[in-house]
Amino acid sequence: MKTSLNRFSGALMIAASLAATSLTTGAARAADSEGIVVYNAQHESLGREWIDAFTKATGIKVTVRQGSDMQFANQIIQEGDASPADVFLTENSPAMTLVDAAGLFAPVDKDTLAQVPDAYRPSDGMWTGIAARSTVFAYDKTKLTEDKLPKSLLDLADPAWKGRWGAAPAGADFQAIVSALLELKGEEATAAWLKALKENATPYKGNSVAMKAVNAGEVEGAVIYHYYWFGDQAKTGENSKNVALHYFKNEDPGAFVSISGGGILKSSQHMKEAQEFLKFVTGKAGQDILKTGTSFEYAVGNGAASNEKLVPLTDLHAPKVDAANLNSKKVTELMTAAGLI
């Protein structure tokens, strides 16, 4: 895979290299022993629930390494055929497409692919969706009424919104949303929107921090993923008591549903067990964890029900985006040019 690393991706490669120094030795030992190694960039608690349930059901041991989407994606590319990982799980799709483009995934078994609808997995069949999250506009309900909300994500580029909204542009979550915008509207429109974001929005370090800022009255709204609000509401609600969620719908870029991915490294020395793990996560037992657990992410398996508190996936009217086409490299270039990362 030919890449021209900008300073952001370069920083990620440095972080990945440092992480590799501390992780590879232990992971390599695990790869040589019984069981599989999972590079987990999903939330640690959800990954652990899947792994524990899989081991209980199958007796197959799992060694887990916890990290972030792009850290692990770059680490896997650096490791190449020598990667000790058998399975890679992410929060968002762009990290999966980066590894896929490097030709490092093995095809997912057809029986596993059949468990997930086409809308929630890439067309090339080299990885699959395992969960999903919806883009939302979290707003201060003490300041904004529904008639004052943006009708489209693109409306936030209007100078009228200057200083009134926030986002976490440096994170993989937000960059997945930009990837969808690029796929749906093209490079020129995406570059213009990012320029306006730089001028209009307040940057925060993470979705939860952006939501807290809305709750505290620092900004009137923020672009985040839905489950941060639901997770806080399920606890004390102290960081979201003044916050409500606006769903853009109408196949707007702001209605984008980001797919969490699962893929199997073609260098895996435990291919049968790795395929079995991915089949478990996308099957009934794995998807039921999303229904009954506290992650508040959407289940994506055929016929799988999500947590009853969530707006049904079918009611989100999300735009149709082939996850295989999300271009993390171009997004990084555009966001760097806009001065966002």
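Residues numbered from 1 in each chain as written. Predicted model: local features only at pLDDT ≥ 70, side-chain atom pairs only at ≥ 80, totals over all residues. Heavy atoms only, no water.

Draft legend 1. Summary view of empty space enclosed by the protein. Here the structure, examined in full by the defined rule, presents one cavity of 30 Å³ or more. Taken as a whole, the largest cavity holds about 80 Å³ of empty space. If you go around the largest cavity, the residues you meet are D69, M70, N92, P94, A95, A172, Q175, S179, S328, V331 and T332. Contributing elements (two or more residues each) for the lining of the largest cavity: α3 (69-79), α4 (94-101), α6 (172-185) and α12 (328-337). Of the residues contributing to the lining of the largest cavity, the split by class is five nonpolar, five polar and one charged. (1 Å grid on protein atoms, 1.4 Å probe; cavity = no way out; pocket = protein on both sides within 12 Å on 5 of 7 lines; lining within 4 Å. Points joined across faces, edges and corners; volume = space filled by probe spheres on them. Helix = DSSP H or I, 4+ residues; strand = E, 2+ residues; numbered from the N terminus. Nonpolar A, V, L, I, M, F, W, Y, C, P; charged D, E, K, R; others polar.)

Draft legend 2. Up close: α4. α4 sits mainly inside the fold: seven of its eight residues count as buried. Taken residue by residue, α4 has P94, A95, M96, T97, L98, V99 and D100 as its buried positions. Phi turns positive one or two residues past the end of α4, at G103, with a value near 70°. (Buried < 20%, exposed > 50% of the residue type's maximum accessible area, 1.4 Å probe, protein only.)

Draft legend 3. Structural context of the side chain of S152. Along the chain, the position of S152 falls in the loop between β5 (128-140) and β6 (165-167). The buried category is assigned to S152, whose relative accessible area is 12%. If we skip the residues at most four places from it in the chain, S152 touches F248 and D252. (Contact = heavy atoms within 4.5 Å.)

Draft legend 4. Summary view of the packing of aromatic side chains. What the rule picks out here adds up to 11 aromatic pairs. Summarising the aromatic geometry, the rings of F137 and F248 are spaced 6.5 Å apart at their centres and angled 55° between planes, so their arrangement reads as tilted. One end of the pair, F137, is in strand β5; the other, F248, is in the loop between β9 (243-246) and β10 (257-265), with 111 residues separating them in the sequence. F248 matches F137 in its accessibility class, with the two residues each being buried. Taking the centre distance of 4.5 Å and the plane angle of 25° together, the rings of Y227 and Y228 count as stacked. (Phe/Tyr/Trp six-rings, centres within 6.5 Å; stacked < 30°, edge-to-face > 60°.)

Draft legend 5. The environment of Q275, seen in detail. Its place among the elements puts Q275 in helix α10 (residues 271-282). Spatially, the C-alpha atoms of Q275 and P107 are 9.5 Å apart, while their sequence positions differ by 168 residues. Those residues in contact with Q275, other than ones at most four positions away along the chain, are P107, V108, D109, T112 and I264. Looking at Q275, its side chain comes within polar contact range of the main-chain oxygen of P107, at 3.0 Å. (Polar contact = N/O pair within 3.5 Å; in protein donor to acceptor, adjacent residues only side chain to side chain.)

Draft legend 6. Region of the structure containing unusual backbone geometry. Positive phi is not limited to glycine here, since E251 has a value of about 55°. Locating E251 in the fold gives a position in the loop between β9 and β10. Overall, E251 belongs to the partly exposed group, its relative accessible area being 46%. In this structure, H317 takes a positive phi of about 50° despite not being glycine. Looking at the secondary structure, you find H317 in the loop between α11 (284-292) and α12.

Draft legend 7. A look at the packing of helix α2 (residues 44-58) against α11. Relative to each other, α2 and α11 sit at 145°, their axes nearing to 10 Å. Considering how the two elements wind past one another, α2 and α11 form a crossing that is right-handed. Contacts between α2 and α11 involve L46, E49, W50 and A53 from the first element and G286, I289 and L290 from the second. By residue class, the composition of the contact of α2 with α11 is five nonpolar, one polar and one charged. (Axes fitted to C-alpha atoms, helices over the stretch in contact; angles between N-to-C directions. Left-handed = near helix turned anticlockwise from the far one by under 90°.)

Draft legend 8. Representation of the confidence of the model for the chain within the structure. Model confidence for the chain is summarised by a mean pLDDT of 91, while 90% of its residues fall at 70 or above. Below pLDDT 50 for its whole length, residues 1-32 participates in 49 contacts with residues either more than four positions away or in separate chains. (pLDDT = per-residue confidence, 0-100.)

Draft legend 9. Structural detail: the nonpolar core. Core analysis: the largest hydrophobic core is formed by 81 residues, its most contacted members being F88, F137, W165 and F174. If we skip the residues at most four places from it in the chain, W165 touches F137, L156, W193, L197, N200, A201, T202, V219, G221 and V223. L89, L113, I264 and I289 belong to the second-largest nonpolar core, a separate cluster that totals 23 residues. (Core = buried A, V, L, I, M, F, W, Y, C linked by side-chain atoms within 4.5 Å.)

Draft legend 10. Region of interest: the packing of α6 against helix α7 (residues 187-200). At their nearest, the axes of α6 and α7 sit 7 Å apart, and the two run at 140° to each other. Judged on the interaxial angle alone, α7 and α6 are oblique. Contacts between α6 and α7 pair F174, V178, L181, L182 and K185 from the former with E187, A189, T190, W193, L194 and L197 from the latter. Partitioning the contact of α6 with α7 into residue classes produces eight nonpolar, one polar and two charged. (Parallel < 35°, antiparallel > 145°, perpendicular 65-115°, else oblique.)

Draft legend 11. Summary view of the pairing of strand β1 (residues 36-40). The element β1 is extensively covered by neighbouring structure, given that five of its five residues are classed as buried. The two faces of β1 match: I36, V38 and N40 on one face and V37 and Y39 on the other face are all buried. Judged from the five bridges that link them, β1 and strand β2 (residues 62-66) form a sheet pairing that is parallel. What sits directly across from Y39, in β2, is R65. Note on the crossover from β1 through α2 to β2: the handedness is right-handed. For β1 and strand β3 (residues 87-89), the ladder comprises three bridges, and the chain directions are parallel. When the sheet's bridge partners are listed, N40 is paired in β3 with L89. (Pairing = 2+ DSSP bridges. Right-handed = clockwise from strand over helix to strand, strands pointing away.)

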